[in-house]
Amino acid sequence: MQWYLTVLKKYFEFSGRARRAEYWYFTLFNVIFSIVLGVIDAVIAAGNSSDIGVLGGLYSLALFIPSLAVAVRRLHDTGRSGWWMLMIFIPLIGVIVLLVFMVMNGEASDNEYGPDPKADASVVEA
């Protein structure tokens, strides 16, 4: 949960680097909250067949920017520009390439995007 809150505190921060733990724990909690809100939306809209519920839609809208920011910072950790996020628009291949980048270990030393986040002693392991 600490990593989820860390990403929210860095709402509009696209510079710097994000560790794998920060990205993947944020993604995990994001998926869990989305499922819970989807269930709540389904219960509320019992007979109504809308594609997306109000709660899920508001949550997705609110978390769009921090999700994009943490993904860009994660790419920075692997030594890549945030512009690689545009690969998402290439069906299947782009998604697979981005997924590979997200699971790769970050550069062990400082790079052009900032210092190694693993070397920061103030970061507590989850």
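Before going into details, it helps to say that this report is about the structure given with it. (Residues numbered from 1 in each chain as written. Predicted model: local features only at pLDDT ≥ 70, side-chain atom pairs only at ≥ 80, totals over all residues. Heavy atoms only, no water.)

## Notes on the environment of glycine 57
For glycine 57, the location among the structural elements is in helix H3 (residues 54-77). Since its relative accessible area comes to 24%, glycine 57 is described here as partly exposed. Between the alpha carbons of glycine 57 and glycine 38 there is a distance of 9.3 Å; along the sequence they are 19 residues apart. (Helix = DSSP H or I, 4+ residues; strand = E, 2+ residues; numbered from the N terminus. Buried < 20%, exposed > 50% of the residue type's maximum accessible area, 1.4 Å probe, protein only.)

## Remarks on helix H1 (residues 2-9)
Quick reminder: α-helices carry 3.6 residues per turn. Residues three or four places apart thus point the same way. Turning to H1, its buried residues are Trp3, Tyr4, Thr6 and Val7. All buried residues of H1 project into a common sector of 160 degrees when viewed along the axis, lining one side. Packing partners of the buried residues in H1 comprise helix H2 (20-44) and H3. (Arc of directions from axis to C-beta. Contact = heavy atoms within 4.5 Å.)

## Concerning the packing of H1 against H2
Direction vectors running N to C along H1 and H2 enclose 95 degrees, while the axes themselves pass 8 Å from each other. Classified by the angle their axes make, H1 and H2 are roughly perpendicular. Together, Trp3, Tyr4, Thr6 and Val7 of H1 and Ala21, Glu22, Tyr25, Phe26, Phe29, Asn30 and Phe33 of H2 make up the contact between the two elements. Here the contact of H1 with H2 is composed, by residue class, of 8 nonpolar, 2 polar and 1 charged. (Axes fitted to C-alpha atoms, helices over the stretch in contact; angles between N-to-C directions. Parallel < 35°, antiparallel > 145°, perpendicular 65-115°, else oblique. Nonpolar A, V, L, I, M, F, W, Y, C, P; charged D, E, K, R; others polar.)

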